[in-house]
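Listed below are the residues making up each chain.
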Amino acid sequence: MKIWGLTGKRKQKEPTRLDFIQTDMHSHLLPGIDDGVADMAQALDTIRHLHALGYDRLITTPHILNDYYPNTPEIILGKLKEVQDAVAEAQLPVTIEAAAEYFLDETFLDKLNGTEQILTFGKPKYLLFETGFMNEPILLNEGIFQMTIKGYQPVLAHPERYIYLSGKTKILEEIVEKGVLLQVNILSFTGYYSEGVKKMSEKLLDMGLISFLGTDCHGPRHVDALHELGQLKSYKKIQQLKLLNNSL
Ligand SMILES: [Fe+2]
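Given the structure is predicted, the values throughout are model-derived calculations rather than measurements.

1. Comments concerning the confidence of the model for the protein chain
Okay, step 1: Predicted confidence across the protein chain gives a mean pLDDT of 93, with 95% of residues reaching 70 or more.
Okay, step 2: Across residues 1-10, confidence stays below pLDDT 50; counting only partners more than four residues off in sequence or on other chains, it has eleven contacts.

The structure is reproduced here in structure tokens:
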């Protein structure tokens, strides 16, 4: 696509490429088990588009959220197999694996102390977790402590989106000091969620607090929005991030 710059000279828009990330570690691509893709056709379509953007490996992370999304390792790994088979049949050159996005509440702490397998990814057993959006969860410190002593490496999903962390960089730094790694959503930089979330993602970028980037892709609407990244002023800086995605 061509646009006219201020000088009147034709300027080529930079296409969005996500090759520099290699592996995505946050998405909802297993159909029918959370609020992600609706069916197998949509799953394949979304995977195809993510691959076209530059990903060659997708670690998808269905929600595990008490009664809303009561997913278990059996449900997730069973559905993963179906998607892997469909990806192979469609001859898409992309590896798809699964972990989970755990919601931090009492039931999560019970799981940490129970016998059910905890779904993680990578070598230091990265454990992706999210919290409620409005208020600082009373279990935040306890949850971080429990994950750590059980031998997991906690990764907080999209800290830039939580209202209780908005503008509270001191609290974020404290969370990081406790050993939590931060995963920012790529879409946050584009303003997809809100202007405030965009500002917060830029702040985290400037502070050097981003360990992982994730698509948090729930389907086609998110794939379309991902294409806007290449148009941003911050695109260069984002491309220069030293990400743990590449080490997975
Ligand atoms: Fe998510």
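2. Some thoughts on the nonpolar core
Okay, step 1: Grouped together as the largest cluster of nonpolar side chains are 76 residues, with contacts concentrated most on Ile47, Leu50, Phe189, Ile210 and Leu213.
Okay, step 2: If we skip the residues at most four places from it in the chain, Ile210 touches Leu182, Val184, Phe189, Ser201, Leu204, Leu205, Leu241, Lys242 and Leu243.

3. What about the sheet that holds strand E7 (residues 101-103)?
Okay, step 1: If you trace the six strands from one edge of the open sheet to the other, you get E5-E7-E8-E9-E10-E11, paired in parallel fashion. Unpaired on one side and paired on the other, strand E5 (63-64) and strand E11 (210-214) mark the two borders of the sheet.
Okay, step 2: Pairing of E5 with E7 involves two bridges; the strand directions are parallel. Each residue of the ladder has a partner; that of Ile64, found in E7, is Tyr102.

4. Focus: the side chain of His218
Okay, step 1: Tracing the backbone through its elements, the reader meets His218 in the loop between E11 and helix H8 (220-226).
Okay, step 2: At 2.8 Å, the side chain of His218 forms a polar contact with the backbone oxygen of Asp216.

5. Some details on the coordination of the iron ion
Okay, step 1: Every protein donor of the iron ion is listed here as His26 (NE2), His28 (NE2), Glu101 (OE) and Asp216 (OD), and their distances to the metal cover 2.1 to 2.3 Å.
Okay, step 2: For the iron ion, all donor residues lie on one chain, and their spacing in sequence is H-x1-H-x72-E-x114-D. Within this pair, whereas His26 is found in the loop between strand E3 (23-24) and helix H1 (40-53), its partner Asp216 is found in the loop between E11 and H8, the two being separated by 190 residues in sequence.

6. Examining the sheet that holds strand E4 (residues 57-60)
Okay, step 1: Across the sheet, which stays open at both edges, the three strands sit in the order E3-E4-E6 with parallel pairing between neighbours. Strand pairing shows two members of the sheet lacking a second neighbour, E3 and strand E6 (95-98), which therefore form its edges.
Okay, step 2: Taken together, the two bridges between E3 and E4 define a ladder with parallel strand orientation. Counted as the bridge partner of Asp24 is Leu58 from E4.

Definitions and cut-offs
- Residues numbered from 1 in each chain as written.
- Predicted model: local features only at pLDDT ≥ 70, side-chain atom pairs only at ≥ 80, totals over all residues.
- Heavy atoms only, no water.
- pLDDT = per-residue confidence, 0-100.
- Contact = heavy atoms within 4.5 Å.
- Core = buried A, V, L, I, M, F, W, Y, C linked by side-chain atoms within 4.5 Å.
- Buried < 20%, exposed > 50% of the residue type's maximum accessible area, 1.4 Å probe, protein only.
- Pairing = 2+ DSSP bridges.
- Helix = DSSP H or I, 4+ residues; strand = E, 2+ residues; numbered from the N terminus.
- Polar contact = N/O pair within 3.5 Å; in protein donor to acceptor, adjacent residues only side chain to side chain.
- Donors = N, O, S within 2.8 Å, 3.2 Å for Na, K, Ca; no water.

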